Amino acid sequence: MRVPLSADFYARDVVQVAIDLLGTELVRRTREGLTSGLIVEVEAYLAERDPASHASRGRTASNEAMFGAPGTAYVYPIHGRHCFNVVTEAEGRPSAVLIRAIEPLAGRPLMERRRGDVPARDLARGPARLCQAMAIDRADNQRLLTSGSSLWLARSQQPGDMLPIACSPRIGVSRAQHRYLRFFLAGHAAVSGPRKVSSCRWLRQ
DNA sequence: AAAACGATCTACT
DNA sequence: GTAGATCGTTTTG
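Residues numbered from 1 in each chain as written. Chains lettered and ligands numbered in written order. Predicted model: local features only at pLDDT ≥ 70, side-chain atom pairs only at ≥ 80, totals over all residues. Heavy atoms only, no water.

Undergrad: What am I meant to see in unusual backbone geometry here?
TA: For residues other than glycine, phi is negative in most cases, and the peptide bonds are mostly trans. Although it is not a glycine, histidine 79 sits at a positive phi angle of roughly 50°. By the element assignment, histidine 79 lies in the loop between strand S3 (73-78) and strand S4 (81-88). The exposure class assigned to histidine 79 is exposed, which follows from its relative accessible area of 73%. Within the chain, glutamine 142 stands out as a residue other than glycine whose phi angle is a positive 70°. By secondary structure assignment, the location of glutamine 142 is in the loop between helix H4 (127-134) and strand S6 (151-154). Judged by its relative accessible area of 46%, glutamine 142 falls in the partly exposed class. (Helix = DSSP H or I, 4+ residues; strand = E, 2+ residues; numbered from the N terminus. Buried < 20%, exposed > 50% of the residue type's maximum accessible area, 1.4 Å probe, protein only.)

The following block contains the structure:
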């Protein structure tokens, strides 16, 4: 069962959505076939006031997706690649969760074809690498993720499963002195986050 | 019109 | 761990 998460799931506090996204399945269907992966690393970008957010300097054509309905995809280009976010909270409140790494599940051979000859560990580890593996690009910007047509998220864990959630020890400061909140599944092979963690707690999914 | 700047990746050491 | 590639967006002159 890969039932798409509903708008209600996304229309909540961005940090809570980020944590709850860990362990869910990102599903992609194209003419080439179906690919999917378990989300193992995310970053929460708060609201319009947060300098780390792309929306911190107002509404523009390129960040328009962030102001859309909860459950909208925000895909943006950087360094010649693409990164994928899901928009959260109420429409008009520009907050989003950056998906930083997935553990490949379905369609691994197709992902390998898209990524080329890379170490297995790097197949979908990193925000731009997972976009390449899943063939996510600017055409997916502003796509609604709640319909389950070609790109969506689905609950993967069984109710009651417990996941080890960790957060970065350096919550907070990127090279550009911007704040961010990074969460990942502790000890998971496919995270690009730091090996040392400041805290780890088990959450009911 | 030109320059600077990344929510990055790769190939080195 | 770090330099260099890379390219759309934003800022500056």
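Undergrad: Help me out: how do you make sense of the protein's contact with DNA strand C in this one?
TA: The local shell around DNA strand C consists of Arg57, Thr60, Ser62, Pro77, His79 and Gly80. A share of 85% is what sugar and phosphate atoms reach among the atoms of DNA strand C within 4 Å of the protein. Threonine 60 is positioned with one of its side-chain polar atoms (N or O) 3.2 Å from a phosphate oxygen of DNA strand C. At 2.9 Å from a phosphate oxygen of DNA strand C is found a side-chain nitrogen or oxygen belonging to serine 62. Split into classes, the residues belonging to the surface near DNA strand C amount to 1 nonpolar, 4 polar and 1 charged. (Near = heavy atom within 4 Å. Polar contact = N/O pair within 3.5 Å; in protein donor to acceptor, adjacent residues only side chain to side chain. Nonpolar A, V, L, I, M, F, W, Y, C, P; charged D, E, K, R; others polar.)

Undergrad: Just to check I follow, could you spell out the protein's contact with DNA strand B for this structure?
TA: Surrounding DNA strand B, one finds 17 residues, the nearest of these being His54, Arg81, Asn85, Ala128 and Arg129. Taking all atoms of DNA strand B within 4 Å of the protein, the share assigned to sugar and phosphate is 42%. Here a sugar or linking oxygen of DNA strand B sits 3.1 Å away from a polar atom, N or O, in the side chain of tyrosine 45. A distance of 2.4 Å is found between a base nitrogen of DNA strand B and a side-chain nitrogen or oxygen belonging to asparagine 85. For the surface near DNA strand B, the elements supplying multiple residues, two or more each, are S3, S4, strand S5 (95-104) and H4. Residue classes in the surface near DNA strand B are distributed as 8 nonpolar, 4 polar and 5 charged.

Undergrad: Explain the side chain of threonine 88 to me, please; I cannot follow it from the model alone.
TA: On the secondary structure map, threonine 88 appears in strand S4. One polar contact links threonine 88 to serine 95, side chain to side chain, over a distance of 2.7 Å. Those residues in contact with threonine 88, other than ones at most four positions away along the chain, are Tyr10, Arg12, Val14, Val17, Pro70, Arg93, Ser95, Ala96 and Val97. (Contact = heavy atoms within 4.5 Å.)

Undergrad: Quick question: what am I supposed to make of the pairing of S6 here?
TA: Regular strands show a simple pattern: their side chains alternate between the two faces of the sheet. Here S6 shows no split at all, with Leu151 and Leu153 on one side and Trp152 and Ala154 on the other all buried. Bridge count for strand S1 (residues 25-30) against S6 is 4 bridges, and the pairing is antiparallel. Across the sheet, valine 27 pairs through a bridge with tryptophan 152, a residue of S6. (Pairing = 2+ DSSP bridges.)

Undergrad: Honestly, helix H2 (residues 14-21) in this entry has me stumped. Any pointers?
TA: Residue pairs spaced three or four apart in an α-helix point in one direction, given the helix's 3.6 residues per turn. Most of H2 sits out of view: 6 of its 8 residues are buried. If you check which residues of H2 are buried, you get Val14, Val17, Ala18, Ile19, Asp20 and Leu21. Where H2 begins, the capping side chain belongs to aspartate 13, and its oxygen is found 3.1 Å from the backbone nitrogen of valine 15. Residue glycine 23 follows H2 closely and has a positive phi angle near 90°.

Undergrad: Honestly, the nonpolar core in this entry has me stumped. Any pointers?
TA: By size, the foremost hydrophobic cluster in this structure holds 43 residues, and its most contacted members are Leu21, Leu26, Val42, Phe84, Val97, Ile99 and Leu153. Top element by residues in this core is H2. It accounts for 5 residues. When residues no more than four places from it in sequence are discounted, the contact partners of valine 97 are Val14, Val17, Ala18, Leu21, Val42, Glu43, Phe84, Asn85, Val86 and Thr88. If you look at the next biggest cluster of nonpolar residues, it comprises 12 residues, including Ala52, Ala55, Ala96 and Leu98. (Core = buried A, V, L, I, M, F, W, Y, C linked by side-chain atoms within 4.5 Å.)

In short, the description is geometric, and any link to function would need to be established separately.
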